[in-house]
Protein chains: 2
Amino acid sequence: MDQKPIPDIVVGRLPIYLRALQRMAQEGRHVTSSQEMSEHLGISAAQIRKDLSQFGEFGKQGTGYNIEYLVHQLRQILKVNRVWEIAVVGAGDIGSAVARSQGFADRGFRVTMIFDNDPEKIGTSVGSFVVQDFAQLAEVIQKTAIQVAMIAVPAVHAQEVADELVKSGVKAILNYAPIHINVPEGVHIQHTDPVTHLQRMTYYLE
Amino acid sequence: MDQKPIPDIVVGRLPIYLRALQRMAQEGRHVTSSQEMSEHLGISAAQIRKDLSQFGEFGKQGTGYNIEYLVHQLRQILKVNRVWEIAVVGAGDIGSAVARSQGFADRGFRVTMIFDNDPEKIGTSVGSFVVQDFAQLAEVIQKTAIQVAMIAVPAVHAQEVADELVKSGVKAILNYAPIHINVPEGVHIQHTDPVTHLQRMTYYLE
């Protein structure tokens, strides 16, 4: 099928659909509907049908979606029908927790290295990794051709770390530092900050 | 000023503005502009002006925004001119990392307790906390009137934990488990899952 550009807002919902569908598959389910997905996800059934229809005709009127087929297609579309290696920068609490967590591999990602610039952390173990010297980052990343990284350093250092990652060839960065990072065109960044989520909710509290 | 309902999408951007403004304040800055904020945040200056104007006249044409005043107003609007106590459920890697991190208090939040149902974890220390028995959660939360919680348990247990939190009076939940959670009307939930962020980016990679 010939793909026209998909709005990023739609791309952003596809991982949510994939996650729900993979869970259904794990439960041994074979068929679902936009209505059932809607009840699980709090996204309207019409929106789900419209989003999925952009990528082809997945569901048949009246028979619902084949879960296995839809998982296969979404993994292909999101390019997670492979495993992307991830470099983590920052061996503090969050970086270490992420590096140790094993829940990413069946969803397309595996942490394979962790860096820090603190001499007291370099050479120590985090899960199954030895913390590497940030000074070696460019060399290691260029050698391994890693394209995905996570930043888990204090806010004040996050931009310089991002610059170094971009210079080394990284194309996708997930930033845990509580600061906005700028990246050049062609590099993708996502920010994750629990406090912005929390503040979005306290607005509504009494 | 009399507030009409603000679209949630706007509410969601206010913490981003507040974070940037607080950083400028820390740097000793006093005045900024929608243009400068736009360069920092990758949100258009027109959007920033429109968002902020919903809450009153913060900036004067030609003189820019008074940072201290805007921080004060945004903290008040988001109700983070106080400190909300947080209960964390799940003393695994992520829950422990969140409980130990001290970076929330000046942004309106402080973790004050952590729960788990694993007998091997109950009674052990995580940072300055002793892990409490999940069986005691309802009682403790009702006594302390905590309204904000974080869920950091395996996906399979996340919904039941959320149900228990809601029953105990929690009104805002940040969910780290990689599964969608349903909550009743009047309760607010935000999901944070690094893999959905990563998959949103790999879509664009070669």
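Keep in mind it's a predicted model, so treat the numbers as computed, not measured.

*Asks:* Quick rundown of the relation of the copies chain B and chain A? Include the residues and the values.
*Replies:* Its rotation angle being 180°, the transformation that places chain B on chain A also includes 0.0 Å of axial translation and leaves an RMSD of 0.0 Å. Look at the turn and shift together and you get a two-fold axis relating the two. Take the interface residues of chain B: 100% of them recur as interface residues in chain A, which is what a same-surface contact looks like.

*Asks:* Account for the pattern of salt bridges, with residues named and values stated.
*Replies:* Applying the stated rule across the entire model yields 14 salt bridges over all chains. Put simply, aspartate 8 of chain A and arginine 200 of chain B hold a salt bridge, and the shortest N to O gap is 2.7 Å. Of the two residues, aspartate 8 of chain A sits in helix α1 (residues 8-26) while arginine 200 of chain B sits in helix α8 (residues 194-202), which places them in two different chains. The partly exposed category is assigned to aspartate 8 of chain A, whose relative accessible area is 33%. Three or more residues are tied together by salt bridges with common partners; here these are Arg19 and Arg107 of chain A together with Asp193 of chain B.

*Asks:* How would you sum up the sheet that holds strand β8 (residues 132-133) of chain B? Please name residues and give values.
*Replies:* Residue and element names in this part refer to chain B. Spatially, β8-β5-β4-β9-β10-β11 is the arrangement adopted by the 6 strands of the open sheet, whose pairing is parallel. Only two strands of the sheet have a single partner each, and these edge strands are β8 and β11 (188-191). Strand direction decides the pairing type here: strand β9 (residues 148-151) and strand β10 (residues 172-175), joined by 4 bridges, are parallel. Among the inter-strand pairings, isoleucine 151 is bridged to a residue of β10, identified as asparagine 175. Helix α6 (residues 137-144) contacts β4 (84-89), β5 (109-116) and β8 of the sheet and is inclined by roughly 160° relative to β5.

*Asks:* Could you give an account of the interface of chain B and chain A, naming the residues involved and the relevant values?
*Replies:* Contact with chain B, which involves 63 residues of that partner, is made by 63 residues of chain A. Of the roughly 6,000 Å² buried between chain B and chain A, counting both surfaces, carbon and sulfur atoms make up 60%. Where chain B touches chain A, the interface holds 8 salt bridges. Our enumeration of links across chain B and chain A arrives at 27 residue pairs in polar contact (both at pLDDT 80 or more). Looking at the side of chain B that touches chain A, the elements that each hand over two or more residues are α1 (8-26), α2 (34-41), β4, α5 (93-100), β9, β10, β11 and α8 of chain B. Looking at the side of chain B that touches chain A residue by residue, the classes come out as 35 nonpolar, 16 polar and 12 charged.

*Asks:* Tell me about the sheet that holds strand β9 (residues 148-151) of chain A, and name the residues and values.
*Replies:* Residues and elements named next belong to chain A. The strand order β8-β5-β4-β9-β10-β11 describes an open sheet built from 6 strands, whose pairing is parallel. With partners counted over all chains shown, the strands left at the sheet margins are β8 (132-133) and β11 (188-191), one partner each. Taken together, the 2 bridges between strand β5 (residues 109-116) and β8 define a ladder with parallel strand orientation. Residue pairing in the sheet places aspartate 116 in a bridge with aspartate 133 of β8. Of the strands in this sheet, β4 (84-89), β5 and β8 are in contact with helix α6 (residues 137-144), which crosses β5 at around 160°.

*Asks:* Go over the packing of aromatic side chains with me, naming the residues and quoting the values.
*Replies:* Residue and element names in this part refer to chain A. A full pass over the atoms with the stated rule returns 2 aromatic pairs over all chains. Aromatic pair tyrosine 203 and tyrosine 204: ring centres 4.9 Å apart, planes at 90°, arrangement edge-to-face. Tyrosine 203 sits in the buried class, given a relative accessible area of 11%. The partly exposed category is assigned to tyrosine 204, whose relative accessible area is 30%.

*Asks:* Describe the packing of α1 of chain A against helix α3 (residues 45-53) of chain A, naming the residues involved and giving the relevant values.
*Replies:* All names here are of chain A. Between α1 and α3, whose axes approach to 10 Å, the crossing angle comes to 105°. Classified by the angle their axes make, α1 and α3 are roughly perpendicular. Facing Val10, Arg13, Leu14 and Tyr17 of α1, the residues of α3 in contact are Gln47, Ile48, Asp51 and Leu52. When its residues are assigned to classes, the contact of α1 with α3 shows 5 nonpolar, 1 polar and 2 charged.

*Asks:* With reference to specific residues and values, describe unusual backbone geometry.
*Replies:* At lysine 79 of chain A, a residue that is not glycine, the phi angle is positive and equals roughly 60°. With respect to the element layout, lysine 79 of chain A can be found in the loop between α4 (67-77) and β4.

*Asks:* I'd love a proper account of the environment of glutamate 120 of chain A, names of residues and values included.
*Replies:* Residue and element names in this part refer to chain A. Within the secondary structure, glutamate 120 is located in the loop between β5 and β6 (125-126). On the basis of relative accessibility, which here comes to 70%, the residue glutamate 120 falls in the exposed class. In this structure, the C-alpha to C-alpha distance between glutamate 120 and valine 131, residues 11 residues apart in sequence, is 10.0 Å.

*Asks:* Break down the packing of α6 of chain A against helix α7 (residues 155-168) of chain A for me, with residues and values.
*Replies:* All names here are of chain A. Two elements in contact, α6 and α7, have axes separated by 9 Å at closest approach and are oriented at 35°. Handedness of the α6/α7 crossing: right-handed. Residue-level inspection shows Leu137, Ala138, Ile141 and Gln142 of α6 in contact with α7, the latter providing Glu164, Leu165, Lys167 and Ser168. Broken down by class, the residue content of the contact of α6 with α7 amounts to 4 nonpolar, 2 polar and 2 charged.

*Asks:* Can you break down the environment of alanine 138 of chain B residue by residue, with the values?
*Replies:* All names here are of chain B. With respect to the element layout, alanine 138 can be found in helix α6. Taking the relative accessible area as the measure of exposure, alanine 138 reaches 18% and is therefore buried. Expressed as a C-alpha distance, the spacing of alanine 138 and lysine 167, which sit 29 residues apart in the sequence, is 7.5 Å. Here alanine 138 is in contact with Glu164 and Ser168, once residues within four sequence places are set aside.

Cut-offs and rules
Residues numbered from 1 in each chain as written. Chains lettered and ligands numbered in written order. Predicted model: local features only at pLDDT ≥ 70, side-chain atom pairs only at ≥ 80, totals over all residues. Heavy atoms only, no water. Least-squares fit on C-alpha atoms with pLDDT ≥ 70 in both. Contact = heavy atoms within 4.5 Å. Salt bridge = Lys/Arg side-chain N within 4 Å of Asp/Glu carboxyl O. Helix = DSSP H or I, 4+ residues; strand = E, 2+ residues; numbered from the N terminus. Buried < 20%, exposed > 50% of the residue type's maximum accessible area, 1.4 Å probe, protein only. Pairing = 2+ DSSP bridges. Axes fitted to C-alpha atoms, helices over the stretch in contact; angles between N-to-C directions. Buried area = accessible area lost by both parts, 1.4 Å probe. Polar contact = N/O pair within 3.5 Å; in protein donor to acceptor, adjacent residues only side chain to side chain. Nonpolar A, V, L, I, M, F, W, Y, C, P; charged D, E, K, R; others polar. Phe/Tyr/Trp six-rings, centres within 6.5 Å; stacked < 30°, edge-to-face > 60°. Parallel < 35°, antiparallel > 145°, perpendicular 65-115°, else oblique. Left-handed = near helix turned anticlockwise from the far one by under 90°.

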